[in-house]
Amino acid sequence: MSSPSPALAYRLEAARAVVHDASRLAMSMRPPPGGPMATQKSAQDWLTETDGAVEAFIASRMKTLFPEDGFQGEEGGIARSGRLRWVVDPIDGTSNYARGRSRWCVSLGLLDGDEPVAGVIEAPALNEVYTALRGAGAFLNGKPIHASPVKDPASAMIEMGWSNRVPKPVFMEKIDAIMELGAMPRSGGSGALALADVACGRLDGYIEIVINLWDVAAALPLLAEAGARVSPFLRDGGLTGPATILAANPHIAETLSQAVNIPLA
Ligand code: IPD
Ligand code: CA
C-alpha cells in the first residue's frame, strides 16, 4: 500500500476531533451503575437516548466538514452516498453503556469504495483512543500497536461476540471449538473494542457470526495496520448487510479459522 494521501490524513485528524467531542457528549449522558437505562430494539438489543444524540452530533459535524463524502450510521442508515463513506457506530457496547459499565466506545470508520482506509475508536470511560490510517500504522493513545505474538492456542484468549441474531446451537458450537483448542473464551459486549483488542495484542482472536459494518468499519484499518489477519468480511456481504468476521493474530489465525470453520480467504 502506498503512503496515504494528505486528503485522507486530514480526514483522520478531523475524525479524531469529532469523535473526541462525541465521546464527551456520551460521557455527559452516561447512566449510573444499575439496571439498564435503555429500551430494546429487539430482544437484548439495546438503545439509549445517547445513541441517537451521538449519531446526530457526528452526522452534523461530518456534513459540515465533508459534504461531498458519503455517510452511514447504525441508527440513521445511509444519509449520503459517495466514493468515500464514513460509517459510524455512535455507541458500540450499548448494553454495557446502559448499565453504567465502562466497556463501550464511539467508532467512526472511513471506506474508500470497498477499502477501509481510516478509523477512530474512542473509549472515553477507559481513557483510550485507537487510530489507524492505511499505510501509516495503527495506534493506541498515540503509540504504535501490533497483533499478539501468541502461537500456542492453549495460551490464547479468544473472544466471541454474542447477539440474539445467532441461533444458540451455532453460538455453542463455535464456543465449544474455541475451548477445544485450549483457548480461554471471552465475550465483552463491544465488537469494535474486541477487534481493537486483537489489533493491540490484548486478544489473540475475535469471531462473530452475524455482525454489521458499523461495528467493524473503524477496526478494519486498525487490524490491517497492526498485522492481524481478518476474514473477507466486506467481500462476504459486509458492505451491504450483516456478515461473519474472524480476526486473529497471524500465528494462530489459520488454526482458529479451521477450528471454527470461518475461512480466511
Ligand atoms: C453490539 C456489540 C456486541 C456485538 C453485537 C453488536 P451495539 O453493538 O458490538 O458486542 O456482539 O453484534 O450489535 O448494539 O452495542 O452497538
Ligand atoms: Ca455496535
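This text goes with the structure placed above it.
Only a predicted model underlies this, so the values are computations on that prediction, with no experimental measurement involved.

## Structural notes on the sheet that holds strand 7 (residues 115-123)
(1) Moving on: Reading across the sheet, the 8 strands line up as 4-3-5-6-7-8-9-10 and stay open at both edges, with mixed pairing between neighbours. Of all strands in the sheet, those with a lone pairing partner are strand 4 (77-80) and strand 10 (143-144), marking the two edges.
(2) Moving on: Inspection of the sheet shows strand 5 (residues 84-92) paired to strand 6 (residues 105-112) by 7 bridges, in the antiparallel sense. Following the sheet pairing, Asp92 is matched in strand 6 by Cys105.

## A look at the nonpolar core
(1) Moving on: If you look at the biggest cluster of nonpolar residues, it comprises 38 residues, and the most contacted ones within it are Ile121, Tyr130, Leu222 and Phe233.
(2) Moving on: Of the residues forming this core, the biggest block, 8 residues, is contributed by helix 5 (residues 191-200).
(3) Moving on: Discounting chain neighbours no more than four positions away, the residues touching Tyr130 are Gly119, Val120, Ile121, Phe139, Leu140, Ile145, Leu193, Ala196, Asp197, Cys200, Arg202 and Leu222.
(4) Moving on: Core analysis: the second largest hydrophobic core is formed by 27 residues, Phe71, Leu84, Leu110 and Val117 among them.

## Here's the deal with the pattern of salt bridges
(1) Moving on: For the structure on display, the rule yields 15 salt bridges.
(2) Moving on: Note that Glu75 is salt-bridged to Lys41, the shortest N-O span being 3.5 Å. On the criterion of sequence distance, the pair formed by Glu75 in the loop between strand 3 (70-73) and strand 4 and Lys41 in strand 1 (residues 39-42) is long-range, its members being 34 residues apart.
(3) Moving on: With relative accessibility at 30%, the residue Glu75 sits in the partly exposed group.
(4) Moving on: Several salt bridges share partner residues, and in doing so they unite Arg103, Glu128, Asp197 and Arg202 into one network.

Criteria and thresholds
- Residues numbered from 1 in each chain as written.
- Chains lettered and ligands numbered in written order.
- Predicted model: local features only at pLDDT ≥ 70, side-chain atom pairs only at ≥ 80, totals over all residues.
- Heavy atoms only, no water.
- Pairing = 2+ DSSP bridges.
- Helix = DSSP H or I, 4+ residues; strand = E, 2+ residues; numbered from the N terminus.
- Core = buried A, V, L, I, M, F, W, Y, C linked by side-chain atoms within 4.5 Å.
- Buried < 20%, exposed > 50% of the residue type's maximum accessible area, 1.4 Å probe, protein only.
- Contact = heavy atoms within 4.5 Å.
- Salt bridge = Lys/Arg side-chain N within 4 Å of Asp/Glu carboxyl O.

Just distances and angles here, no functional claims.
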